[in-house]
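# Geometric and topological summary
Below, each chain spelled out in residue letters.
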Amino acid sequence: MAKALCILFTALMCFTSAVHAQKIGTITVKKEKSTESSYESADHPMKQEYMRGLFYSAKMKDERVHNPKFQFLKRSSRYYFYFLNDKEVCFFRSRKKPRHHFNHIHSIPMKLLDEIGEYEIYDGELYIEMKSVHSNQIFRYTGQANSKQIWLGSRSAYQKKMQLDVYLTKCTDQN
């Protein structure tokens, strides 16, 4: 019994010294909880911005699946983002000119829409979360925006991230 206690005591001492040796030379960082954002300061508060209207891209080549034989079709279309109000946005692709959609913006058929969602803009940084109309898939877009232009840098879905380099311009009466 004394021999078993001696072995147990020796093992405990070895374990304690090994743990103590690992702690020597390490730096522990104490995390502090903060209520304010890392971008926000007293001198420069974050300002939420709002978008309104129709934004369109240049013509882009889209790959779409052709149903009967599952062959890929390549066709040129534009990306359109329509900001409905202070939170909602919808996304669709179309081969028609921006002027056509600008004149008929309130009568966009649901079959034309690809995604519907919400957006946020803080100090020019744009974040859009969209849900596909045709499936349950959720897409997130990130980029930069102001009242006249949008630049989309990436689009991500569940475990997939696609780099975008898409510029969109606001559609006005002159377009």
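Okay, so let's go over this structure.

Cut-offs applied
Residues numbered from 1 in each chain as written. Predicted model: local features only at pLDDT ≥ 70, side-chain atom pairs only at ≥ 80, totals over all residues. Heavy atoms only, no water. Helix = DSSP H or I, 4+ residues; strand = E, 2+ residues; numbered from the N terminus. Buried < 20%, exposed > 50% of the residue type's maximum accessible area, 1.4 Å probe, protein only. Areas by Shrake-Rupley, 256 points an atom, 1.4 Å probe, with all protein chains shown as cover. Salt bridge = Lys/Arg side-chain N within 4 Å of Asp/Glu carboxyl O. Phe/Tyr/Trp six-rings, centres within 6.5 Å; stacked < 30°, edge-to-face > 60°. Core = buried A, V, L, I, M, F, W, Y, C linked by side-chain atoms within 4.5 Å. Contact = heavy atoms within 4.5 Å. Pairing = 2+ DSSP bridges.

### Thoughts on the overall build of the protein chain
Helix and strand counts for the protein chain come out as two helices and 10 strands. Each helix and strand of the protein chain, ordered N terminal to C terminal, gives the series α-β-β-β-β-β-α-β-β-β-β-β. Burial status across the protein chain gives 28% buried among its 175 residues. Carbon together with sulfur atoms contributes 55% to the accessible area of the protein chain, which is approximately 13,400 Å² in total.

### Notes on the pattern of salt bridges
Summed over all chains, the structure comprises four salt bridges. With a closest N to O distance of 2.7 Å, arginine 155 and glutamate 115 form a salt bridge. Here glutamate 115 lies in strand 6 (residues 113–122) and arginine 155 lies in strand 9 (residues 149–157), a separation of 40 residues in the sequence. Arginine 140 serves as the salt-bridge partner of glutamate 129, at 3.5 Å between the closest nitrogen and oxygen. Note that glutamate 129 is positioned in strand 7 (residues 125–132) and arginine 140 in strand 8 (residues 138–145), a separation of 11 residues in sequence. Taking relative accessible area as the criterion, glutamate 129 reaches 33% and is therefore assigned partly exposed.

### A closer look at the packing of aromatic side chains
With the rule as written, the count across this model stands at seven aromatic pairs. Each ring, one from tyrosine 80 and one from phenylalanine 92, has its centre 5.0 Å from the other, and the planes form 10°; the classification is stacked. Within this pair, whereas tyrosine 80 is found in strand 4 (residues 71–83), its partner phenylalanine 92 is found in strand 5 (residues 88–94), the two being separated by 12 residues in sequence. Of the two residues examined, tyrosine 80 and phenylalanine 92, each falls in the buried class.

### Some remarks on the nonpolar core
In this structure, Phe81, Tyr141, Ile150 and Leu152 are the most contacted members of the largest nonpolar core, which totals 21 residues. Where this core is concerned, the elements lending two or more residues are strand 4, strand 5, strand 6, strand 7, strand 8, strand 9 and strand 10 (160–170). Not counting chain neighbours up to four residues away, the residues in contact with leucine 152 comprise Phe81, Leu126, Tyr141, Thr142, Gly143, Leu164, Asp165, Val166 and Leu168. In this structure, Tyr82, Cys90, Phe92 and Ile108 belong to the second largest nonpolar core, which totals 10 residues.

### Points about the environment of glutamine 137
Considering the arrangement of structural elements, one finds glutamine 137 in the loop between strand 7 and strand 8. You can call glutamine 137 partly exposed: its relative accessible area is 38%. A C-alpha to C-alpha distance of 7.3 Å links glutamine 137 and alanine 157, two positions 20 residues apart in sequence. When residues no more than four places from it in sequence are discounted, the contact partners of glutamine 137 are Met130, Lys131, Ser132 and Ala157.

### Describing the pairing of strand 5
The element strand 5 is largely enclosed, with a buried count of six among its seven residues. Two strands pair when backbone bridges link them, and strand 5 and strand 6 are joined in this way by five bridges, in the antiparallel orientation. The residue of strand 6 that forms the bridge with valine 89 is glycine 117.

### Structural notes on the pairing of strand 7
Here strand 7 shows a clear split, with Leu126, Ile128, Met130 and Ser132 buried on one side and none of Glu125, Tyr127, Glu129 and Lys131 buried on the other. Pairing geometry for strand 6 and strand 7, over eight bridges, is antiparallel. The partner of tyrosine 119 across the bridge, within strand 7, is isoleucine 128. The hairpin formed by strand 6 and strand 7 contains two residues between the paired strands, and aspartate 123 there has a positive phi angle of roughly 50°. Sheet analysis places strand 7 next to strand 8, joined by seven bridges and oriented antiparallel. Each bridged residue has a counterpart across the sheet, and for leucine 126 the counterpart in strand 8 is glycine 143. Following strand 7, the chain reverses through five residues before pairing antiparallel with strand 8.

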